[in-house]
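What the coordinates show
As a plain string of letters, each chain reads:
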Amino acid sequence: QVQLVESGGGLVQAGGSLRLSCAASGRTFSAYTMSWFRQAPGKEREFVAGVSGSGTNTFYTDSVEGRFTISRDNAKDTVYLQMGSLKPEDTAVYYCAVDRSLGVVVTESYQYDYWGQGTQVTVSS
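A few points on the structure. These numbers come from a predicted model, not from an experiment.

Comments concerning the pattern of salt bridges
Under the counting rule described, the total for this entry stands at four salt bridges. The partner of Arg38 in a salt bridge is Glu46, with the nearest N and O atoms 2.6 Å apart. Shared partners join several salt bridges into a network, and the residues in it are Arg38, Glu46, Arg67 and Asp90.

Next comes the structure, spelled out in structure tokens:
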């Protein structure tokens, strides 16, 4: 049974940092793209960042470029999202997801096969 479990969310002041983790279990994910999405209240789920299976290719949405860093540890089947210079508009539930297509990092949520349950990130002003 495939499971993705996110952790590391919480409440932080604007300008602060958080590191999210997503631990995968149930199979080996080292070949697959792993990404982070987020969903704010009343808004659609949006792509945040993705990393290829090898970890060499990353892609970010414009609003987080330069502030967030995605990385992965394949030995632990874990993906991380280091978030810095946080803004109130980063407030959302953050989800990790796995794409089994073995292609480039994609940004459409429907292309992802496995999802975690989400972790809340709240940035106060």
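As for the environment of Glu89
Structurally, Glu89 is set in the loop between strand E8 (78-83) and strand E9 (92-99). Judged by relative accessible area, Glu89 falls into the exposed class, the value being 56%. Sequence separation between Glu89 and Gly9 is 80 residues; the distance between their C-alpha atoms is 15 Å.

Some points on the nonpolar core
One finds Leu4, Trp36, Leu81, Met83 and Tyr94 to be the most contacted residues of the largest nonpolar core, which totals 29 residues. Among the elements of the structure, strand E3 (18-25), strand E4 (33-39), strand E5 (46-51), strand E7 (68-73), E8, E9 and strand E11 (119-124) are those that each provide at least two residues to this core. Beyond its immediate stretch of four places on either side in the chain, Met83 contacts Gly16, Ser17, Leu18, Leu20, Arg67, Phe68, Tyr94 and Val121. The next biggest cluster of nonpolar side chains, apart from the first, holds six residues, and it includes Phe37, Ala97, Val106 and Tyr112.

Cut-offs and rules
Residues numbered from 1 in each chain as written. Predicted model: local features only at pLDDT ≥ 70, side-chain atom pairs only at ≥ 80, totals over all residues. Heavy atoms only, no water. Salt bridge = Lys/Arg side-chain N within 4 Å of Asp/Glu carboxyl O. Helix = DSSP H or I, 4+ residues; strand = E, 2+ residues; numbered from the N terminus. Buried < 20%, exposed > 50% of the residue type's maximum accessible area, 1.4 Å probe, protein only. Core = buried A, V, L, I, M, F, W, Y, C linked by side-chain atoms within 4.5 Å. Contact = heavy atoms within 4.5 Å.

Remember that the coordinates give geometry; whether it matters functionally is a separate question.
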